[in-house]
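# Observations on chain architecture
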Amino acid sequence: MVIRLSLFSALPFAQTGISDPNLFNEFLILAYFVMGAIGLIYVASLVIRQRNLEKDIQLMKHLLEDEEETAAS
């Protein structure tokens, strides 16, 4: 005698009941808030990196112009 127990037949026994569905909604809202905060922090870090790269490019151009001026004289 072979007893086959699939995952789907055991799943209802493994799940716990939600006594208050609003508690689940609060966790869902919290998860959306956390993911939004992570997204905003990531975008802010990209903006800061972009600004720093633009400053570095301007500095390199200035140094290259100074080097060309000293080489010409």
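Broken down by element type, the protein carries two helices and zero strands. Accessible surface, the protein as shown: approximately 7,400 Å² in total, 68% of it carbon and sulfur.

Moving on, we come to a negative patch on the surface. On the surface, E65, D66, E67, E68 and E69 cluster together to form a negatively charged patch. With respect to the secondary-structure elements, E68 resides in helix α2 (residues 21-72).

Another aspect to go through is a nonpolar patch on the surface. Together, L23, F27, L30, F33, V34, M35 and I38 line one region of the surface with nonpolar side chains, adding up to about 740 Å² of accessible area. Its location among the elements puts F33 in helix α2. Owing to a relative accessible area of 60%, F33 belongs among the exposed residues under this scheme.

Criteria and thresholds
Residues numbered from 1 in each chain as written. Predicted model: local features only at pLDDT ≥ 70, side-chain atom pairs only at ≥ 80, totals over all residues. Heavy atoms only, no water. Helix = DSSP H or I, 4+ residues; strand = E, 2+ residues; numbered from the N terminus. Areas by Shrake-Rupley, 256 points an atom, 1.4 Å probe, with all protein chains shown as cover. Patch = residues over 30% accessible without salt bridge, like charges linked within 9 Å, V, L, I, M, F, W, Y side chains within 5 Å. Salt bridge = Lys/Arg side-chain N within 4 Å of Asp/Glu carboxyl O. Lys, Arg positive; Asp, Glu negative; His and termini not counted. Charge placed at Lys NZ, Arg CZ, Asp CG, Glu CD. Buried < 20%, exposed > 50% of the residue type's maximum accessible area, 1.4 Å probe, protein only.

Read these as spatial facts, not as claims about activity.
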